[in-house]
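Inside the fold
Spelled out, the chains give:
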Amino acid sequence: MNRGLPILVVEDNDEDFDMLQMTFQRVSIPNPLYRCTEGEEALEFLEQTGRYANPEQAPRPGLVLLDLNLAGLDGRQVLEHLKNTPHLKSIPVLVFSTSDNPKDVQSAYAHGASGYLLKPVDLPRFERMIQLFKDFWLDHIVLPEGEAREGVRR
Amino acid sequence: MQTDGARPGQVVDLTNCDKEPIHIPGGIQPHGVLLVLQEPALTIRQVSENAEALLGVPASSLLGTALESLLTEPQASSLRTCLLSERLEDNNPLKLTTRVGGREHFFNGIAHRHQGRLILELEPTFEQEALPFFGFYHQARSSMSRLRNAKDLSALCLEAVREVRRLTGFDRVIAYRFDEEWNGAVLAEDRLETSDSYLGLWFPASDIPRQARELYTLNWLRIIPAIHYEPARILSLPEDAGQGPLDMSFCVLRSVSPIHLEYLRNMGASASMSISLLKEGRLWGLISCTHVSGDKYVPYEVRKACEFVGEFMSSLLVTKEGNEHYDQRIRAQSIQVRLLERMTRHPDFAVGLTHPPPELLELTGATGAAVYFNGRTTIIGQAPGDEQLQGLIDWLAAKPDPQELFCTACLSNHYPEAAAFKDVAAGLIAASMSRGRHNYVLWFRPEVVQTVAWGGNPNKPVDLEGAQPRLHPRKSFALWKETVRGKSLPWKDYEVEAARELRRSVIDIVLQRSEELLKLNMELERSNVELDSFAYAASHDLKEPLRGIHNYTSLVLREQPDCFSPTNLKRMETVTRLTQRMESLINSLLHYAQVGRTDLSLRETDLNEVLSSVLEVLKPRMDEFQVEVRVPRPLPPALCDRVRMAEVFTNLLTNAIKYNDKEKKWVEIGATGTPQGGTTYYVRDNGIGIKPEYHDTIFRIFKRLHGRDKYGGGTGTGLTIVKRLIERHNGRMWLESQPGAGTTFFFTLGSEKAEPVTGKGAK
């Protein structure tokens, strides 16, 4: 039901993104996939500024998969910014991280993350995780539409 | 005619010394004649009854006559002028010659006015003229410069007693100083070489009663030329007798108290003289002369010279006393400096304070010391036993009026239990080295009974057997010693000051050390935080490439397994397996780092519940390996972190299951009481056991005793983490094992002592 909604992946690791992409295909996720490798870039994407001044290039995502450890502005700050911005805060953010530091988990939820996914070193587990993600977030969860953006853009 | 009794047989009791009216004894010492004259006619109103012996005229016939009748004509008029002058003392001694019955007698006349009476005391002399002035002048001059050049108090005292002995020829001359309680300490002496030394000895305040001290302040000098004298009573004209007894406060012939004479007799003295020493108007001490080899008369001029020595010495007291123990003070300071230097240099300053040991003792002139710091005691020299010392420290700590420095020469007066160890610690200086915590440096001095050897008994007990009360030298010595039992030599001012000074230094050092510690702690805290985030970052950054290797290898293996030779296929599989091992190592390391960092949530916990939840989780494995779990009796409750304890049990139980090759496997969990009232927990198995040489290394991180894949494999962090968790509970962990027969892991939880444990199951 959310198949048309763009998904933004904020991930600096090419291999991880590669795996994600492959697994998305494998479990047949049709949603358009966008990638930013840096925190700054992600914000530009979301705000449609800078590199993403052209709205065609940067549609409002229906969901963000956010890695925490990024070069420069890191995932925690991206999350904070996103959740403090009225027209963006309704976008669900799933943290997608290697860190199981309880502080990271705690702070992610405190700042409004909708979920926290731990990257496993185990291919089958990874695939199962993505499958579940699809089933849950893309097939069953009702996500907000992009109306807020329209309001802002006038 | 009325006479005043000289009271030789007056009842002496324990209380009358202070009340005895010694300024109105009613009699004089019979080596001179006392006359009370009425001005201006110089009529003799009162006269001592020994007048006949010395003047050749019966006393009674002198009463009412004029003084002139005794004298030759030319002398009478000059004497009259002298006696009637305002400042008649300036003319002392008056040279008198009497002629009675054709015989001439030479006298020194000493005149003074008191209470409207002119008192003239005549002492026989063989010389008609005054002693050569120059002799005295030169003597005085050299003695003055010697006194003035004395470098400190004891040198001053020594010069003075030498001078007085040289002037008088007494067998013994001592100088002593009163303490606050009027006990006297002998500071210097000059004596016949054959006699015993009195130096450093003490005698009690009651030797010189209050009113005697008052007279000593009024007069600079007293002399008793022959203590075995019969006092000569004073005879008065009837009108004068009605005026009450003659006040002899300023009389040189004044008869002394029979108690004092008895006292001198006890000392074996046959003659005595004393010179007052005053400091800023207050009686400070005495120069006391005694003669044992017979009577000792000192002529007036010599007495004046001695008086002068006393006065001059008195004027020097303030400056010389400031220099007292100058050398010792300097010495104490240099010891102080050395101790301080050692304390600052040594990481454990208590060690610096006590090695090498003699200096700490020398600092205060103690014979023993104890440095009690943070529950650890270091003893130097002679000190009470451990328990006695602990009792003393407890007493000091519990004192209602804790002082920075507690100092006494008679500890048992304050702390009766100290009587038991007076032979090492009758005297104590206790310097408290910290507020709140009870850290002390203690200095001890033993009981010294023989220090008080001068005769005399502070309580003046009197032997009432027989008609005459008598003081018995032996008995009074013994009694006096008895009363000073439990006393040490007094601590000198500079010794107490040295202790105070050391206390200040130690506190400074402790303060400085604790500041350093605080700084270190802060740095440690910071580096811990950094290490913590480092561990996460490291694990993250390590895991990222690892995940890549793993995933790509897995993908290749999954998608094209056929393109590999069997060997390479196996190798590729190994790569995947290694990535997983590495991941688990990284996770373990991270977990270990966390154990030390995260806060424990300590609460009273039912360990039985914790255990059963752990067993529930482990049930599948227990069943798989067919392990019997034994819990002989319920575990007592403990103050602990529930989650962490679950981890401890999980780890220990997992190990017990893993390292077991027996047919019938079992694991037992229990608790036993310790003699100290705590609880020891244990997890016992009948597994493969651990060789003794590994009992310590087994707790080392990443240390495994078996091959990687034996016994289900493992990272070698489990026990390390368990031990760390136990230690974070202030507990201790150890093991007993019989290789082949099983292992028991024991642990305690120190935290449980923080609160009383009901201990249902504890024995």
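Residues numbered from 1 in each chain as written. Chains lettered and ligands numbered in written order. Predicted model: local features only at pLDDT ≥ 70, side-chain atom pairs only at ≥ 80, totals over all residues. Heavy atoms only, no water.

Turning to the UniProt feature "modified residue: 4-aspartylphosphate" (unreviewed entry) in chain A, a few remarks are in order. Residues given the UniProt feature "modified residue: 4-aspartylphosphate" (unreviewed entry) here are A:Asp67. Excluding its chain neighbours within four sequence positions, the residues that come into contact with A:Asp67 are A:Val10, A:Glu11, A:Asp12, A:Gly75, A:Phe96, A:Ser97 and A:Lys119. (UniProt positions renumbered as here; feature names shortened; annotations may be inferred. Contact = heavy atoms within 4.5 Å.)

With 19 residues of chain B at the contact, the number on the chain A side is 21 residues. Buried surface at the junction of chain B and chain A, both sides included, amounts to about 1,800 Å², of which 51% is carbon and sulfur. A per-residue breakdown of the area chain B buries against chain A is headed by B:His540, B:Arg547 and B:Arg558, which together make up 33% of the total. Remark: the boundary between chain B and chain A carries 2 salt bridges. Between A:Asp16 and B:Arg547 there is a salt bridge, with its nearest N and O atoms 2.5 Å apart. Put simply, the parts of the chain that give the side of chain B that touches chain A at least two residues each are α17 (493–559) and α18 (566–597) of chain B. In terms of residue count, the dominant contributor to the side of chain B that touches chain A is α17(B) (14 residues). Across the side of chain B that touches chain A, the residue classes tally to 5 nonpolar, 8 polar and 6 charged. (Buried area = accessible area lost by both parts, 1.4 Å probe. Salt bridge = Lys/Arg side-chain N within 4 Å of Asp/Glu carboxyl O. Helix = DSSP H or I, 4+ residues; strand = E, 2+ residues; numbered from the N terminus. Nonpolar A, V, L, I, M, F, W, Y, C, P; charged D, E, K, R; others polar.)

Residues and elements named next belong to chain A. Counting buried residues in strand β4 (residues 93–97) gives 5 out of 5 residues, a clear majority hidden from the surface. The side-chain alternation of β4 yields two buried faces, one formed by Val-93, Val-95 and Ser-97 and the other by Leu-94 and Phe-96. Sheet topology places strand β3 (residues 63–66) next to β4; 3 bridges connect them, and they run parallel. Of the residues in β4, the one forming a bridge with Leu-65 is Leu-94. Read from β3 through helix α3 (residues 75–84) to β4, the crossover connection turns out right-handed. Note that β4 and strand β5 (residues 115–118) share 4 bridges and pair parallel. (Buried < 20%, exposed > 50% of the residue type's maximum accessible area, 1.4 Å probe, protein only. Pairing = 2+ DSSP bridges. Right-handed = clockwise from strand over helix to strand, strands pointing away.)

As a further point, take unusual backbone geometry. Backbone torsion omega between B:Glu39 and B:Pro40 reads -5°, so that peptide bond is classified as cis. Locating B:Pro40 in the fold gives a position in the loop between β3 (33–38) and β4 (43–48). A positive phi is found at A:Ser28, a non-glycine position, where the angle reads about 55°. Its place among the elements puts A:Ser28 in the loop between α1 (14–26) and β2 (33–36). The phi dihedral of B:Asn730 is positive, around 60°, even though this residue is not glycine. For B:Asn730, the position within the fold is in the loop between α21 (718–728) and β25 (733–738). For B:Asn730, a relative accessible area of 60% puts it in the exposed group.

Turning our eyes to something else, we now look at the nonpolar core. Residues and elements named next belong to chain B. Grouped together as the largest cluster of nonpolar side chains are 38 residues, with contacts concentrated most on Leu-607, Met-645, Phe-649, Leu-652, Leu-653 and Phe-747. Broken down by secondary-structure element, the contributors of at least two residues to this core are α19 (607–625), β22 (638–641), α20 (642–658), β23 (665–673), β24 (679–685), α21, β25 and β26 (742–748). Leaving out residues up to four positions away in the same chain, Leu-653 has contacts with Leu-611, Val-614, Leu-615, Leu-618, Met-622, Val-667, Ile-669 and Val-683. (Core = buried A, V, L, I, M, F, W, Y, C linked by side-chain atoms within 4.5 Å.)

Residue and element names in this part refer to chain A. Pairing is parallel in the open sheet, where 5 strands are placed in the order β2-β1-β3-β4-β5. Each edge of the open sheet is held by one strand with a lone partner, namely β2 and β5. Pairwise comparison of adjacent strand axes, ignoring direction, gives a mean angle of 20° for this sheet. In this fold helix α2 (residues 39–47) packs onto β1 (7–10) and β2, with an angle of close to 135° to the strand it touches most, β2. Running at roughly 175° to β4, helix α5 (residues 123–140) makes contact with β1, β3, β4 and β5 of the sheet. (Axes fitted to C-alpha atoms, helices over the stretch in contact; angles between N-to-C directions.)

This brings us to the sheet that holds strand β15 (residues 368–373) of chain B. Residues and elements named next belong to chain B. As summarised here, the arrangement of the 5 strands in space is β16-β15-β19-β18-β17, forming an open sheet in which the pairing is antiparallel. Here the strands that pair on one side only, and so sit at the sheet edges, are β16 (376–381) and β17 (405–408). Averaged over all pairs of adjacent strands, the angle between their axes in this sheet comes to 10°, without regard to strand direction. Bridge count between β17 and strand β18 (residues 427–432): 4 bridges; the pairing is antiparallel. Across the sheet, residue Cys-407 finds its bridge partner in β18, namely Ile-429. Most of the contacts of helix α13 (residues 386–398) go to strand β19 (residues 440–445), to which it runs at about 120°, and overall it touches β15, β16, β17, β18 and β19. Its contacts with the sheet put α17 on β15, β17, β18 and β19, and the angle it makes with β18 is roughly 25°.

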